[in-house]
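# Survey of secondary and tertiary structure
Spelled out, the chains give:
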Amino acid sequence: MSDPQKHVYSFGAGQAEGTAKMKELLGGKGANLAEMSAIGIPVPPGFTITTEVCDLYYKNGQTFPDGLESQVSAALAKMEEAYGSKLGDPSNPLLVSVRSGAALSMPGMMNTILNLGLSDASTEGLAKKTGNPRFAYDGYRRLIDMFGSVVMNVDHEHFEHELQSLKDEKGVKLDTELSADDLKELVRRYKAVYEKHVGTGFPQDPMEQLWKAVQAVFRSWMGKKAIEYRRIEKITGLKGTAVNVQAMVFGNTGNTSGTGVAFTRDPNTGENVFYGDFLINAQGEDVVAGIRTPEHIADLEGEMPAVYKQLMEIRSKLESHYKEMQDIEFTIEDGTLYMLQTRTGKRTGTAAVKIAVDMVHEGLIDEKTAVQRVNPDSLNHLLLPQLDPKAGVTPVARGIAASPGAASGKVVLTAEDAVAQREANPNVKLLLVRKETSPEDVAGMDAAAGILTSTGGKASHAAVVARGWGKPCVVGCEAIRIQEKDGQITVDGQVVKAGDFLTINGTTGDVMIGEVPTIPPKMAGDFAVLMEWADKYRTLKIRTNADNPKDSTKAREFGAEGIGLCRTEHMFFEGQRIIDMRKMILADTEADRRKALDSLEPYQRDDFIGIFEAMAGLPVTIRLLDPPLHEFLPHDDAGQQEVARQLGIDVQKVKDRVESLHEFNPMLGFRGCRLAVRYPEILEMQVRAIIEAAIAVKKKGIEVLPEIMIPLVGTVEEMALLRQETDRVAKQTIEKAGTPVEYLVGTMIEVPRAALTADKIAEHAEFFSFGTNDLTQMTFGYSRDDIRSFMSSYLEKKILPEDPFQSLDETGVGQLVAMGVQKGRSTGKTKDGPLKIGICGEHGGDPASVAFCHKVGLDYVSCSPFRVPIARLAAAQAAINDGATVSRDR
């Protein structure tokens, strides 16, 4: 008979059955508790029930697997022996905590139960053993509250009501002002609340408490807030959460006890300083929950110098061992330090970059590890706007700077309001203002541009989540008074109503009334160093999507190596240009169309000159006119009358033309290369403007590399015809100027048929650029403008792993891309070598999509200017992960 599957792993007392490499099985918390035990760090003994048990729990209809009970009993006996006390013993009781711990950190998203094991008898025993009845009954009332609300679903407010009533009766404001007798009375009232809502008395058997608590932790894995957090963080593929049962140590036994949360480096800036908070005479949840504003960790040295020295030694030991910044939790019980947790610390992008670069310089890690260490999306933190120092706005309050960057938004006072307003208007800017946040608020926090709380410290829920998401956040701003029922807050005596604008500076902690202007960031320092390392290892080139010189210049500052998509239609929507464009659309004859196009050509030429100069020496891919013509005409009566007045024509003519251009599905209608086939004079004007601009720039001694892209090709006949027309106009323009200019002609692969027939199309093209936005639309049959009505359900029900317009669908759309690359390169080439292939949809800035583009052998990706650094880093990580040989010919 084979040995039963091992479900439980013990740790503590300098020994451990698990290691840090077992995160998938033990969860991050359990694996690190085992690792700390093994390297001699003081950890209270305990055991971990594996993530596999959580998986089996759900597969078996929410029942425990065979053999678990006996393994838990054996591990509990081992823990009792190591700690020298017994669970439920009326004279020498062992109390335990029951905590979650998935393989990836999900702070505050799942359940925790503390002080488990207390009963009427063991509470009396604990009071006698410690000589501190107040401590014992405080622990018992906390357990009844936590067990009742977390395990048995009794609304916490029922317990809170009894606590407030007792404080009112006793004339005190703080919980700590209640005496031991007061807390005995509070226990009596809590037990009555429990029995009223549960139907039975509070369980006195500690094993009944334990098994119900374990079930509650497993149930919380599929709780709404945990599911929402995994969706936002794109966490998939985990079996479930582990459960960690650990001997309790107490930070609330008096003024020689305390609890704290700290980071081995500053998670906001990355500075190599000890960073965190602690509270004297408190339990760990008091720090994280933000219900009391804690003291800075450096102040612990003055209060408990020996403990602080030991903590600093452990800080150094953990960083040297893990070679990574750590987030730690600790408790001090009567002057003795215990470590309760260590995990890789969540940090801002700014801190991630600095820590990675510093650790290379310190010899802890190498360059490749540093490049892999930084989440590409977290670079958004470094690209967040900062307040314009010229704005001259005076702060009205200051809190604790918890997550950098500036954010202005309309004040919302509940997470529900934030979600509702964001759903009604995805572009609305919101600032979530709360006393403190809790895991139930994560959807509202996600909807907000920034977060402001009146209590809490640097390790509070709001701070940790905001840092992880790159949202500006200020916490512990005690000058703010929140009147949620009145729909307002007061700041320094000034009333700010819900819906009014408020601004926070998460870098300084400042709070300002109104909307304050911001300025864009610049790449420098550690950011530039990390980008140099990334460029050393990546093989993909990174281009940008830019339609004007300003965006082109900004993209080049961020490291763009050319323009992968210049959308010419964006050049027609202002001033005289739109008037001339409408003249062209409303023209009745080719001659009138050409006349209007002649007026547009100088604008086009000047725009291209500016872009070519900004991208001097780098390739510029210019897409010929793509959108349906009706998009350039107004559809309302007032707008149509204004067009008729501007052009001196009858308004009925405008209405008739709008009606004739109307399409039931414009995405599949008269657009892209179809415009050039029907109206070749549009193509002629644009090609001539491109080549004339290139000649003008070349005459200034600036290298220019134009690439003309024909959009929406679906047949080889379309490509052959329009390539011929493009070459004809280009050559005529070059001959007339007498100045030779090299150029390429290619196409945008965004129709599935183009990918399927890429070998034929490539015979007439010198480059391909995959337009994955439209390719995704046509492959799925989804309109990206209309998916909001159903996409949330698709994601919730796991029909799709994520929005395919945000991250490339590798299975379907990706198969077309891979096919297009293989077929295109089998027949296509340029005079200098193989067919050049890139991607220019916004997927080009998504790290997962960039990795896919590297895998299928694209030459470049193109994305918006502010995502260029993200793409550079993602491309480097993709190359390092597959051991690619770096090409220096880039």
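Residues numbered from 1 in each chain as written. Predicted model: local features only at pLDDT ≥ 70, side-chain atom pairs only at ≥ 80, totals over all residues. Heavy atoms only, no water.

On to the overall build of the chain, then. What the chain contains, in helices and strands, is 33 helices and 36 strands. For 890 residues, the compact-globule estimate of 2.2 N^0.38 gives 29 Å, and the C-alpha radius of gyration of the chain, at 32 Å, lies within 12% of that figure. In terms of principal-axis extent, the alpha carbons of the chain reach across some 100 × 65 × 50 Å. A burial count over the chain gives 57% of its 890 residues as buried. Just so you have it, the chain exposes about 36200 Å², and 49% of that area is on carbon and sulfur atoms. Both charge centroids of the chain, one from 102 positive and one from 123 negative side chains, sit 3 Å from each other. (Helix = DSSP H or I, 4+ residues; strand = E, 2+ residues; numbered from the N terminus. Rg over C-alpha atoms; globule rule 2.2 N^0.38 Å. Buried < 20%, exposed > 50% of the residue type's maximum accessible area, 1.4 Å probe, protein only. Areas by Shrake-Rupley, 256 points an atom, 1.4 Å probe, with all protein chains shown as cover. Lys, Arg positive; Asp, Glu negative; His and termini not counted. Charge placed at Lys NZ, Arg CZ, Asp CG, Glu CD.)

With that settled, the discussion passes to the sheet that holds strand β23 (residues 494-497). Taken in spatial order, the 3 strands make up an open sheet running β21-β22-β23, and their pairing is antiparallel. The sheet terminates laterally at β21 (480-483) and β23, the two strands that pair on one side only. With strand direction ignored, the average angle separating the axes of adjacent strands in the sheet is 25°. Taken together, the 4 bridges between β21 and strand β22 (residues 488-491) define a ladder with antiparallel strand orientation. Paired with Ile480 across the strands is Val491, a residue of β22. (Pairing = 2+ DSSP bridges. Axes fitted to C-alpha atoms, helices over the stretch in contact; angles between N-to-C directions.)

Once that is clear, we can look at the packing of helix α6 (residues 156-170) against helix α7 (residues 180-198). Closest axis-to-axis distance for the α6/α7 pair is 10 Å, and the angle between their directions is 150°. Looking at the two axes, α6 sits roughly antiparallel to α7. Helix-helix and strand crossings are classified by hand; for α6 and α7 the assignment is right-handed. Only Asp182, Glu185, Leu186, Arg189, Tyr190, Val193, Tyr194 and His197 of α7 make contact with α6, whose side of the interface consists of His158, Phe159, Glu162, Leu163, Ser165, Leu166, Glu169 and Lys170. (Parallel < 35°, antiparallel > 145°, perpendicular 65-115°, else oblique. Left-handed = near helix turned anticlockwise from the far one by under 90°. Contact = heavy atoms within 4.5 Å.)

The tendency in soluble globular proteins is for nonpolar side chains to be buried side by side. Grouped together as the largest cluster of nonpolar side chains are 100 residues, with contacts concentrated most on Leu379, Leu530, Phe612, Phe768, Phe770 and Leu858. For this core, the element with the highest residue contribution is helix α25 (residues 680-699), accounting for 9 residues. When sequence neighbours within four positions are dropped, the list of residues in contact with Leu858 reads Leu540, Phe770, Val821, Arg825, Ile837, Gly838, Ile839 and Cys853. Of all hydrophobic cores here, the second largest spans 85 residues; its members include Leu68, Met109, Met146 and Phe218. (Core = buried A, V, L, I, M, F, W, Y, C linked by side-chain atoms within 4.5 Å.)

We now examine the sheet that holds strand β35 (residues 836-839). Sheets are built from strands paired through backbone hydrogen bonds, the pairs being either parallel or antiparallel. Read once around its circumference, the closed barrel built from 8 strands follows the order β27-β28-β29-β30-β31-β32-β35-β36, with strand pairing classed as parallel. On average, each strand axis in the sheet is tilted by 25° relative to the strand beside it, whichever way the strands run. The sheet contact formed by strand β29 (residues 619-623) and strand β30 (residues 705-710) spans 5 bridges and is parallel. Following the sheet pairing, Thr621 is matched in β30 by Glu707. The sheet strands contacting helix α21 (residues 590-614) are β28 (563-567), β29 and β30, and the helix crosses β29 at an angle near 150°. Here α25 sits on the sheet and contacts β29 and β30; the angle it forms with β30, its principal contact strand, is near 170°.

This paragraph deals with the pairing of strand β9 (residues 258-263). Of all 6 residues in β9, 6 are buried, a share of seventy percent or more. Here β9 shows a buried face lined by Gly258, Gly260 and Ala262 and a second buried face lined by Thr259, Val261 and Phe263. Bridge analysis of β9 against strand β10 (residues 275-280) gives 6 bridges, and the strand direction is antiparallel. Following the sheet pairing, Ala262 is matched in β10 by Gly276.

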